[in-house]
Every structure is written in structure tokens, then in C-alpha cells.
Amino acid sequence: SSAEQGYSRSKGAHLLGGLLRDDLNGYTSCHSRMQQQLYRKASPFIPSRYLISRLRRYEDLHIKCASEAIYFVKALKSPELMADLLQKTDCRFIVWIAWSGLGNRLMTLVGTFLYALLTDRVLLVDRGTDMSDLFCEPFPHASWLLPAEFPQSWLQGLDESSPHRFGYLIDKGECSAHVNLSSVPAYSYIHLTHTFDMQDRRFFCDDEQKVMNQISWLFIRSNMYFVPSLYFVPSLSQEMERLFPEREAVFHHLARYLFHPSNEVWGRIVRFYHAYLGNADSLVGIQIRTFDPTKMPSENVTSQVFACAIGNRLLPNVSNVNDDEMTWSEEAAGTQKPISVLVTSLHQEHYERLREFYLSHSIEHGRIVRLHLPSHEEEQKTGKAEHDKQALTEIFLLSLSDTLVTSAMSTFGYAAQGLAGVRPWVLTKPGEKAYQQYACIKALSLEPCFHSPPLFDCDCEGGRDPGKIIKFVRHCEDVHWGLKLF
Ligand code: GDP
């Protein structure tokens, strides 16, 4: 197949410029790891040598420490066992709790892994209902999954109301942490969801990070791409500058390093690609996510998509030649490669309208446009394995696009653009000023947006807009109070 020829032609390309370890022992069983590059253009971003060396160091740490995680389950039975356990080892962990939609999960996994990398912790992943059905193991010779013996009910109890919440270590009314370092707990829960409070938000400050460093086991629940606010912490920020001289590519590199769809999901991706998308002049991905369908009737959504895609020449316009006047040039019809358009949406209606538009008009320059919708699940069913596999299939298919149109505020779209390495055209939101002027705006960078960043107040001088005082972050094109790296 062309894929196989491509593989032998670009030997080593699957290592993603050194991001992946050239140690295939036990790795080759994951097809997506070996084949992804055949379906993508080479990345425009080059991972730094420092990032590569830190990833190798991380992998060694993971191999050394992951097998110790099981002892924590036993130590939960008594404080004495816990104290004893912590004495015996210098391994430190951060456990990612599976929560929220798939796009959100990809955001928080990247953020949590980056934090682990920066602070020499080992990342362990709560299996949730289906994490192991979705992804291959990213690290060599040791699993990233939390041991199955971890009690799920205990893990689920780590939420807003948990007494182990890190924010509780900080006195209300005090500006920064006054924690006696001799009494730091063995483990703590970091609450970084959109409901985090003033105390939880101090996670992004230097003093609190010093306390964090003393805690061996951290558990994190989040639904946000919190990476931009890690730049509030000077020690982390310096390290991130070394790791990512191209800041726009933080998610891009780490997502390509971590996320390899399982063979079952990869099979779906490849089959869909060859059946419907491949062998085309170009692939245009259109991700339609309507958070409040009552405010967004399908006619408006699809006319906005057309205004964006045709107005910016991502798709050809229709011509005003009617079908009686059409002369079919066999030559043109036979030789022009089609433009493939992948539409993803929970709803079929948008796709039907887009397709109908092209079928009922002749198209400029005799172009052929083929549109496909891989599924229409109608509603979000996060946690159901088949549904999540389909969602991952579509995020990856979108990430093979040459150009992308995405929906504002959607982490599903952020994941696709980040994996693709393509700056998307982001559809503007009805009700916002930009919507009156533009159908879509080209994203400033391909980084995802942190939707609810805290104000900057680490120096206790009152909350200030981080977009104005932290280098490297800007407000997002789709969420004005949000922050993104650029
Ligand atoms: P966000 O809510 O747009 O930020 O994205 P998430 O991925 O976190 O959550 C939305 C969830 O709804 C996804 O994970 C899917 O389960 C489902 N979903 C949303 N849009 C699509 C789509 O275009 N295709 C499929 N298959 N599922 C979708």
C-alpha cells in the first residue's frame, strides 16, 4: 500500500523528530504509533533537544517508580503505613482523574503530564470507564494506568467537597500559603475545574508550588487547559522556556508524544480515511459544535460556515451557471482530484445542508467537493466506550486536515488543531461583537485556550489581568477573558 511505501521511504519519521524513543521493544504492537506520520504532513515545529532529553529522563523515572504505586493503596489503610511508605521512597506522583468530555480530557492530560515533567513526578492515569480502550500506552516498558486495585469510590470522592483539597491548606483571608512544612500531608487533591476558588487558584503561585513539592501524592481533577497559567510560576516558566522555545507548540508536541489511538480506534480512522477522504486534492476539516442549539438554528450555522470557508477560499464557491447551461467537460471531471471535506458534529442537519448546497449548484472551476460526516451521535455520552471511541476517531480524522474550521470554545476542536499543527479558522459566536463583522477569525496560535484563568495575584498586590503582565500569554480569539500561549 502507499502507506507502507511511505513508511519505508520516511524511515524514522514515526519518531516525530525524536519525540518518541527509538526503542521499539514492545512498542510496535501499537499501530498508530508507527503509522500516524504516513497520514500527516511533517510538523512545522521542531521539538527542542532539551524537551527530547527531558522526555527520556521522564521515561526512566516512570519505569523506576510506576510499580510502586500499588503500595499507596495498602498505605491508605492507616497513617502509620502511609508514613512508612513515604520514608521508603523518593518517588512522587500525580494522578489524573478521568473527568469531562474527551476534548477536555486531552487538554488536562497534556497539562498534567507537563506539570509532572516540570516537577519530576510520575503521571498515573485513572482508567475511568474506557481510557485503556482508547489509547496505547505512551511510555515504554511501564504502564501509565493507575493500578486497577485503586479503589474507584475513593478516587471519585476526590472532588470539590473533599477534605483533602489543596486549597484548604491555605487560610481563607490570607494571601499566600502559611503551611508548616513539617506538617504537609502525604497526599492532596488539586481542584482545577471551572468551580475552583481563590485558594485553589493559588496552585499557580511560587510559594504554593514549594508546598506542593513536599507532597508525595497529588491527585488532580480538571476540565481546563491550565498550561498558560503555569507561566505565573517563575521556576516553572524558566523551565518551560527551555523546553518549548516555540511556545505555540506546547500542546502540539506533548499531544503527539502522548496520544496514540488504540489499534481498534486506529483501524476505524484508517478505514474511514481511505474510504472517504484520501486521494484528494486537499482535506478541509469542519468541526461544528453548537453549545446552545436554540440560539443557533442550523440555517445560520451553515451559512456562517460557508461565509467562513468560501470567503477565506478554503472551499470553492458555487457558480451562477445553471444546469441547462452546464457543459460537462469529461476532461475536467475525470482529471481533477476532489476536495474532501470532513464534517464532524453531533447533529446530522448541518451536514445535510452543506452537502445539499454543493449538490444543488454548479461549482466554480468545475471543482468536485465531497463531504462526509462520520457519525451523528445526537448527544454527548461521555464514558460510554463506543461513543468515546467514535469521538476520538473524529478528533484524529480532523487532525489529518490541511485546513480547519472549528467552533469557538470547543476543546474537541482545540485537540484536533493541536494534533494537526494547523491554525484553525474559528467560527465567531452569535451575540458577540465579532460575529457582526466576521464569520470566523484565524487563530493567533494553535495552542488551546484556558477558559477560566485566575487573575494574577501571586505577589498579593491585588488581582490583575495576566494577559497584560505575563509574557507569552494573550487573550483568546474565542473567549475574551481566556488565556493562550502564542
Ligand atoms: P467540548 O465540550 O466541545 O469542549 O468538547 P469535549 O470533547 O470535551 O466534549 C464534548 C463531547 O461530546 C465529546 O467528547 C464527544 O463525546 C461529543 N461530541 C461533541 N462533538 C462531537 C462530534 O463532532 N463528533 C462526535 N463523535 N462526538 C462529539
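You'll find the structure just up there.
Being a predicted model, the structure only gives us computed values, none of them experimental.

The rules behind these values
- Residues numbered from 1 in each chain as written.
- Predicted model: local features only at pLDDT ≥ 70, side-chain atom pairs only at ≥ 80, totals over all residues.
- Heavy atoms only, no water.
- Buried < 20%, exposed > 50% of the residue type's maximum accessible area, 1.4 Å probe, protein only.
- Helix = DSSP H or I, 4+ residues; strand = E, 2+ residues; numbered from the N terminus.
- Pairing = 2+ DSSP bridges.
- Disulfide = S-S within 2.5 Å.

## What to know about the pairing of strand S4 (residues 217–222)
Counting buried positions over the 6 residues of S4 gives 6, a clear majority of the element. Burial along S4 is two-sided: the face carrying Trp217, Phe219 and Arg221 and the face carrying Leu218, Ile220 and Ser222 are both buried. Note: strand S1 (residues 93–96) against S4, 4 bridges, orientation parallel. Counterpart to Val95 in the pairing with S4 is Phe219. Bridging between strand S3 (residues 187–192) and S4 involves 6 bridges; their strand directions are parallel. When the bridges of S4 are listed, His191 appears paired with Arg221.

## What to know about the state of the cysteines
Using the criterion set out here, one finds 5 disulfides in the structure. Each sulfur of the disulfide joining Cys65 and Cys91 lies 2.0 Å from the other. Residues Cys65 and Cys91 share a disulfide whose torsion about the S-S bond is about -75°; that sign makes it left-handed. One end of the pair, Cys65, is in helix H3 (residues 49–65); the other, Cys91, is in the loop between helix H5 (79–88) and S1, with 26 residues separating them in the sequence. Both residues of the pair, Cys65 and Cys91, belong to the buried class. A sulfur-sulfur separation of 2.1 Å characterises the disulfide bridge that pairs Cys308 with Cys440. Judged by the sign of its S-S torsion, about 90°, the cystine formed by Cys308 and Cys440 is right-handed. Within this pair, whereas Cys308 is found in helix H14 (residues 298–311), its partner Cys440 is found in strand S10 (residues 440–442), the two being separated by 132 residues in sequence. A relative accessible area of 0% means that Cys308 is categorised as buried. With a relative accessible area of 7%, Cys440 lands in the buried category.

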